[in-house]
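# Secondary and tertiary structure notes
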Amino acid sequence: MTHQTPDLSAALNREQANEELFALLRLPSVSADPTRTADMAATAEFLRAKLAGLGFTARIDPTAGHPVVYAERLNVPGKPTVLIYGHYDVQPEAPLEEWVTPPFEPTIRDGRIYARGSTDDKGQAYAHVKGVELLLSQGELPVNVKFLLEGEEEIGSPNLEPYLRDHAEELKADVIVISDGSRFAPEIPTITYGVRGLSYVEIHVQGANRDLHSGSYGGAAPNPINALAEIITRLKDDQGRVTIPGFYDGIDELTPEERQMWADLPHSDDEFAASIGVPALPGEAGYSTLERLWGRPTLDVNGIWGGYQGEGSKTVIAAKAGAKVSMRLVPGQDPERITQLITEYVPTLAPAGTTAVVHPHHGGRPFKFDLNSPYNLAANRALKRVFGREAVFARTGGSIPIVAAFNDLLHAPVLFVDLGLNEDAPHSPNESFAVSDYHNGILTSAYLLQELGAPNTAE
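So, a few notes on the structure that sits alongside this text. (Residues numbered from 1 in each chain as written. Predicted model: local features only at pLDDT ≥ 70, side-chain atom pairs only at ≥ 80, totals over all residues. Heavy atoms only, no water.)

### A closer look at the overall build of the protein chain
Our working definition: Only runs of H or I of at least four residues qualify as helices and only runs of E of at least two qualify as strands under DSSP, and these elements are numbered from the N terminus. We compute the radius of gyration from the C-alpha atoms alone; for a globule the expected value is 2.2 Å times N to the 0.38, where N is the number of residues. A simple rule labels every residue: compare its accessible area, found with a 1.4 Å probe on the protein chains alone, to the largest value its type can have, and call it buried under 20%, exposed over 50%, or partly exposed in between. Contacts are assigned to residue pairs with any non-hydrogen atoms lying within 4.5 Å of each other. Under the convention used here, a 1.4 Å probe and the Shrake-Rupley method define accessible areas, while residue burial counts only the protein chains that appear. Here the positive residues are Lys and Arg and the negative ones are Asp and Glu; neither His nor the chain ends is included. Every charge is mapped onto a representative atom, which is NZ of Lys, CZ of Arg, CG of Asp or CD of Glu.
Along the protein chain, the regular secondary structure elements total 13 helices and 18 strands. Relative to a compact globule of 459 residues, whose C-alpha radius of gyration would be 23 Å, the protein chain shows 24 Å and is just as compact. Along the first, second and third principal axes, the C-alpha set of the protein chain runs to 80 × 50 × 45 Å. A buried classification covers 53% of the 459 residues belonging to the protein chain. For the protein chain, the proportion of contacts with a sequence separation of at least 24, taken over those separated by at least 6, is 81%. For the protein chain, the computed accessible surface area is about 19,900 Å², with 51% contributed by carbon and sulfur atoms. Distance between charge centroids for the protein chain: 1 Å, based on 37 positive and 61 negative side chains.

Here is the structure:
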């Protein structure tokens, strides 16, 4: 049953909420850029000061990289404790020439806030800050709240796990709330109950001991670029299945209930294809587009290099070629095992005269959460109060490695309540966040905390 409280919409000062988010977005907190270290520190201080002003015990904790903002307000003993995670760092703004308006000068056009970080993740994370403020304007919070806002998510969170390990006792919570992704569709509230894992590697192919003249050696010498193309082609069969031996062993197959639930969603393959400007949607045979996006593993080439790439022509057979390859993984697949499998398999595919080796990069474990957990049900009630309809339950095709760290070190369930949309173009030029989504996100956060504090929620 919904926790009965007054409608908070009238109490939300939307103009003030916009002004504060704009001030946050003007800070160029690009974690990958060493020249922005001062901006990173200024952004952390902005958030610390805001939370301190709301009565939180708030501080900035240094790490080996960029700092973490931690804050807590624990004024309701006996009530659940909710840890809200977000990140204040953003992607680099390049290519700058493709932005219609400057990336760090937030601008509203056609009902959308255009700025780097507007949806990923400043807008979504700050919606929770404002949601807490909205509740405090009506009285005490219904739950104990902790904020963990990091500054390195966009560079792989290299220092988050050590931080969690060092502060595990302090970070204890009944549930961890994350808003750092996309809803299924504009008018459809979404609860994400699963994330794919990741194995990321590079393939390096070596041929001759130097680049060769293609006239003097063509037809006799091995060509690493051709060899690489052959290797990549052989990593999948004509049904779109990955050929690495053992790749599919032990995976959790989609249940009939999940397949039906996703089939009932208002999805159009034609519209999806048109939205990215392609005439078809190739993939693993026997599965729908949503099933392939959310519930099946993949293998994709993310970058490829070799030979001459400058202007004009150069008749050369390159000595080396390489590719970057990502594999999205589903529950039942272990990223370390998958990395080992491809490391062993690729060298066996190298054509005569070439050698191929695999260099592992990073990875992350896949996770799937209980659809009917009390936290998911509480989130559904909160979203219904904002959108007037039940939420849909979806998985995400992306990977969020921090979930494994939260699971291993804090031992608390994770609740994904995403506030953005794919059309927000996170990581791309002209990233944006709908003004209505920001305001609805503030209300969602406030109602979610109310529902999580309702009697019997976590029993």
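### Description of the pattern of salt bridges
Quick note on the threshold: Salt bridges, as used here, are contacts in which a Lys or Arg side-chain nitrogen is within 4 Å of a carboxyl oxygen on Asp or Glu.
Inspection of the entire model under this criterion finds 30 salt bridges. Its salt-bridge partner being Glu291, residue Arg259 comes within 2.8 Å of it at the nearest N-O pair. A residue pair is termed long-range when its members are at least 10 positions apart, and Arg259 in helix H7 (residues 256–263) and Glu291 in helix H9 (residues 289–294) qualify at 32 residues. Of the residues examined, Arg259 reaches a relative accessible area of 32% and is grouped as partly exposed. The exposure class of Glu291 is buried, given its relative accessible area of 6%. Of the charged contacts, one joins Glu284 and Arg296 as a salt bridge, the two residues approaching to 2.8 Å between their closest N and O atoms. Here Arg296 lies in the loop between H9 and strand S11 (300–306) and Glu284 lies in the loop between helix H8 (269–275) and H9, a separation of 12 residues in the sequence. Across the pair, Arg296 and Glu284 agree in class, each one buried. One continuous salt-bridge network, built from bridges that share partners, spans Glu20, Lys50, Lys130 and Glu133.

### Some remarks on the pairing of strand S8 (residues 190–195)
Definition in use: In this analysis, strands are considered paired if DSSP registers two or more bridges between them.
Summarising burial for S8: 6 of the 6 residues are buried, a large majority. Bridge count between S8 and strand S16 (residues 392–396): 5 bridges; the pairing is parallel. By the bridge assignment, Gly194 is partnered in S16 with Arg395. With 2 bridges joining them, S8 and strand S15 (residues 367–368) adopt antiparallel strand pairing. Considered in S15, the bridge of Val195 is made with Phe367.

### So, the nonpolar core
Put simply, the test is: Among buried residues, those of type Ala, Val, Leu, Ile, Met, Phe, Trp, Tyr and Cys that are joined through side-chain atoms within 4.5 Å constitute a nonpolar core.
Counting residues in each nonpolar core, the largest one holds 70 residues, and the members touching the most others are Leu51, Phe56, Val145, Phe147, Leu415, Tyr438 and Leu452. Here this core takes 9 residues from helix H13 (residues 435–452), the largest share from any one element. The residues touching Tyr438, leaving out its near neighbours within four places in the chain, are Ala17, Asn18, Leu21, Ile113, Gly123, Tyr126, Ala127, Lys130 and Phe433.

### A closer look at the sheet that holds strand S14 (residues 355–364)
Convention followed: Throughout, an axis means a line fitted to C-alpha atoms (over the contacting stretch in the case of helices), and angles, computed between N-to-C directions, take values from 0 to 180 degrees.
Reading across the sheet, the 4 strands line up as S11-S13-S9-S14 and stay open at both edges, with antiparallel pairing between neighbours. On the outer flanks of this sheet lie S11 and S14, each paired with one strand and no other. When the angles between neighbouring strand axes are averaged without regard to direction, this sheet yields 15°. Across 10 bridges, the pairing between strand S9 (residues 197–206) and strand S13 (residues 320–329) is antiparallel. Within the sheet, the bridge partner assigned to Glu202 lies in S13 and is Lys324. Most of the contacts of helix H6 (residues 224–234) go to S13, to which it runs at about 15°, and overall it touches S9, S11, S13 and S14.

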